[in-house]
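# Fold and contact review
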Amino acid sequence: MRDLPWPARAYLVAVIGVAAALIVRGVVVSGAPVAPENLDILLVLALLFLVCESMPTLLNVEQFAVSVSFSASLAAVVLLGPEGAALVGLTAVVSVRPGLPWIKRLFNGAQFAICGFAAGWVYVALDGQVGVPQVNAFDDLIGPYVAATAVFVPLNIVLTLTVIALATGSRATEVPMRGMVQFLLSYLGYGTFGLLVAGLWATVASISAVLVLVPLFVARWAFGQYHAQQRSYDATIAALCQAVETKDYYTRGHCTRVSHASSMIAQEIGMGVERVRAIRYAGMLHDVGKLGVPTKVLQKDGPLTEEEFAAIQLHPMRGLEIVRGIGFLDEAYAGIMHHHERHDGTGYPMGLAGDEIPEFAKVIAVADAFDSMTSDRSYRGARPVPVAVEELRKCAGTHFDPVMVAAFIRALEREPWQSPPRIGPPPPEAAESPIKDHDDPTMPIEVVTGQ
Ligand SMILES: [Fe+2]
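The name an unreviewed UniProt entry assigns to the protein chain is HD-GYP domain-containing protein, from the organism Nonomuraea mesophila.

What follows is the structure in structure tokens.
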């Protein structure tokens, strides 16, 4: 807690104080926050909340984890009212999450208690009936329940994002709008399960919680496993990239930037989520075949012999050989294999032209050349973005597919490019730095024939 900036500390104290005041108020006003005959409902919902809260799963949005526990809170809004919902949320304090600091536990419990109470208050204010709903009265509680969910979810997000923003600066709130919409929809969708728990309680009582929330919890757990798998894929790809980049001081970060530029183009031309992910991998791995090219050829000062140039030209094939066994790459193979083909058919390794070139390869070719031009090399400094864009325009229709060039230019207008920081001369222990770069369309490799 002492490490936090004072605004974050003040905010934490305020949130925890408000939650404590709400609970105390419940005791003072009605003698007990929950009627004794409803203690079994409180116990079941609190237990369910605790189980779900103990295993949050990551969403497809960086920095966010979500648990289905809030469905139990929303069921408590209907079955127990505002004070009961606050108590259910408070159990987040004792969730089984080893290593979670006590201050985070307190904050989680407090913010869930506030959200539960606020949602319950709105539910009651809109004439929502508190208690086990009767079958013929079920329709009447749908409107108030939707309003309660519409309060709980944004309040939960705002309270959490505020503490992250205060504790870490504003970076944590820079979540892409698309990610935020996905997060919000996911939350609102899962909110409906709370209504099902409440609705089924009249018929099957506590079994309703098991019937509705446990399968949901298992689905979320499976989703979490999927994300863990994605993270291990990312780590594998990153390790391969690092292996390539250690061969060349000046191309550090190149794979990541090509990957980013490729996904910008892919999104611009309307590729689906799965293909964008695949092209991100392809961009990261496009030059992995350099691992199979002798370092002395990559670093050679001056013109290359025909044999040496042939070794360079083999790197897309070598790349394919290296990653062929990695099952999840799918379409990325084509991107790796053909990223040096040219639109006019004069590229390599197969001399494909126009529509013969796979779409992934067309995308990566533009991204690769652009990043090469806008980053420092041993033989020249980085070119400004407008100069590189002009070069892409000039080479559209000959070197590059004009559709991909146009898409990249549109994407750059929407999302300005962050050129990498200037690189000084390499330290003595990293003397590997090729004199020419085969990705740079403005500096073709010189080949000496007849040697
Ligand atoms: Fe390459």
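On we go.
## Here we look at the overall build of the protein chain
Counting secondary structure elements, the protein chain contains 17 helices and four strands. Burial analysis of the protein chain (451 residues in total) assigns 48% to the buried set. For the protein chain, contacts bridging at least 24 residues in sequence account for 72% of all contacts bridging at least 6. Accessible surface, the protein chain as shown: approximately 20,800 Å² in total, 63% of it carbon and sulfur.

## Quick word on the packing of aromatic side chains
Overall, the coordinates contain eight aromatic pairs when judged by the stated rule. Aromatic pair Phe309 and Tyr348: ring centres 6.4 Å apart, planes at 75 degrees, arrangement edge-to-face. Taken together, the residues Phe309 in helix H12 (residues 306-313) and Tyr348 in the loop between helix H14 (332-338) and helix H15 (359-373) connect sequence positions 39 residues apart. Assessed through its relative accessible area of 22%, Phe309 is described here as partly exposed. Both rings, one in Phe370 and one in Trp417, keep their centres 5.2 Å apart while their planes meet at 85 degrees; by these two values the pair is edge-to-face. With Phe370 in helix H15 and Trp417 in the loop between helix H17 (402-414) and strand E4 (447-448), this pair connects stretches of sequence that are 47 residues apart. Look at Phe370 and you get buried, because its relative accessible area is 0%. By way of ring pairs, the aromatic residues Phe49, Phe70, Phe112 and Phe152 are connected into one cluster.

## Focus on the packing of H15 against helix H16 (residues 385-395)
Contact geometry for H15 and H16: axes closest at 9 Å, N-to-C directions at 145 degrees. Note that H15 runs across H16; the crossing there is right-handed. Between H15 and H16, the residues in contact are Val366, Ala369, Phe370 and Met373 and Val385, Ala388, Val389, Glu391 and Leu392, respectively. For the contact of H15 with H16, the class distribution of residues is eight nonpolar, no polar and one charged.

## With respect to the side chain of Arg257
Inspection of the secondary structure assignment puts Arg257 in helix H9 (residues 254-268). One polar contact links the side chain of Arg257 to the main-chain carbonyl oxygen of Arg252, over a distance of 3.5 Å.

## Brief notes about the UniProt feature "transmembrane region" (unreviewed entry) in the protein chain
The residues that UniProt annotates with the feature "transmembrane region" (unreviewed entry) are residues 6-29, 41-59, 71-94, 106-126, 146-167, 179-198 and 204-223. Helix makes up 79% of residues 71-94 and strand makes up 0%, while its end C-alpha atoms are separated by 18 Å. Taken end to end, residues 146-167 comprises 100% helix and 0% strand; its first and last C-alpha atoms sit 32 Å apart.

## Section: unusual backbone geometry
Here the residue pair Tyr348 and Pro349 is connected by a cis peptide bond, since its omega of 10 degrees sits within 30 degrees of zero. Inspection of the secondary structure assignment puts Pro349 in the loop between H14 and H15. With phi around 70 degrees, Asp127 is a residue other than glycine that occupies positive phi space. For Asp127, the location among the structural elements is in the loop between helix H5 (102-125) and helix H6 (138-168).

## Here's the deal with a nonpolar patch on the surface
Where nonpolar side chains cluster on the molecular surface, the patch consists of Leu200, Val204, Ile207, Val210, Leu211, Val214 and Val218 and spans about 520 Å² of accessible area. Ranked by residues supplied to the nonpolar patch, first place goes to helix H8 (residues 207-245) with five residues. The residue Ile207 is located in helix H8 in this model. Since its relative accessible area comes to 46%, Ile207 is described here as partly exposed.

## Some points on the environment of Val385
Within the secondary structure, Val385 sits in helix H16. The partly exposed category is assigned to Val385, whose relative accessible area is 23%. The spacing of Val385 and Ser375 is 10 residues in sequence and 9.7 Å in space, taken between C-alpha atoms. Those residues in contact with Val385 that sit more than four places away from it in its chain are Phe370, Thr374, Trp417 and Ser419.

## Looking at the side chain of His286
Relative to the assigned elements, His286 resides in the loop between helix H10 (273-285) and helix H11 (295-298). On the accessibility criterion, His286 (0% relative accessible area) is buried. Looking at His286, its side chain comes within polar contact range of the side chain of Asp368, at 3.3 Å. If near-sequence neighbours (up to four positions away) are discounted, His286 is found in contact with His254, Cys255, Val258, Ile336, His339, Ile364 and Asp368.

## Notes on the state of the cysteines
Under the criterion given, the structure shown has zero disulfides. This cysteine, Cys241, is not joined by any disulfide, and Cys255 carries the nearest cysteine sulfur, 3.8 Å off. What makes Cys241 buried here is its relative accessible area of 5%.

## Looking at the packing of helix H3 (residues 69-80) against helix H4 (residues 82-90)
At their nearest, the axes of H3 and H4 sit 7 Å apart, and the two run at 155 degrees to each other. In terms of orientation, H3 and H4 fall into the roughly antiparallel class. Relative to H4, H3 is oriented so that their crossing is right-handed. Contacts between H3 and H4 involve Ala72, Ser73, Ala76, Val77 and Leu80 from the former and Pro82, Gly84, Ala85, Val88 and Gly89 from the latter.

## Description of the pattern of salt bridges
Taken as a whole and judged by the stated rule, the model has 14 salt bridges. Note that Glu268 is salt-bridged to Arg414, the shortest N-O span being 2.4 Å. Of this pair, Glu268 sits in helix H9 while Arg414 sits in helix H17, and the two are 146 residues apart along the sequence. Of the charged contacts in the structure, one is a salt bridge between Glu391 and Lys394, with a shortest N-O distance of 3.4 Å. Taken together, the residues Glu391 and Lys394, both in helix H16 and three residues apart, mark about one turn of the helix. Residue Glu391 is classed as buried on the basis of its relative accessible area of 15%. Salt bridges sharing partners connect three or more residues here, namely Glu268, Arg410 and Arg414.

Criteria and thresholds
Residues numbered from 1 in each chain as written. Predicted model: local features only at pLDDT ≥ 70, side-chain atom pairs only at ≥ 80, totals over all residues. Heavy atoms only, no water. Helix = DSSP H or I, 4+ residues; strand = E, 2+ residues; numbered from the N terminus. Buried < 20%, exposed > 50% of the residue type's maximum accessible area, 1.4 Å probe, protein only. Contact = heavy atoms within 4.5 Å. Areas by Shrake-Rupley, 256 points an atom, 1.4 Å probe, with all protein chains shown as cover. Phe/Tyr/Trp six-rings, centres within 6.5 Å; stacked < 30°, edge-to-face > 60°. Axes fitted to C-alpha atoms, helices over the stretch in contact; angles between N-to-C directions. Left-handed = near helix turned anticlockwise from the far one by under 90°. Nonpolar A, V, L, I, M, F, W, Y, C, P; charged D, E, K, R; others polar. Polar contact = N/O pair within 3.5 Å; in protein donor to acceptor, adjacent residues only side chain to side chain. UniProt positions renumbered as here; feature names shortened; annotations may be inferred. Patch = residues over 30% accessible without salt bridge, like charges linked within 9 Å, V, L, I, M, F, W, Y side chains within 5 Å. Salt bridge = Lys/Arg side-chain N within 4 Å of Asp/Glu carboxyl O. Disulfide = S-S within 2.5 Å. Parallel < 35°, antiparallel > 145°, perpendicular 65-115°, else oblique.

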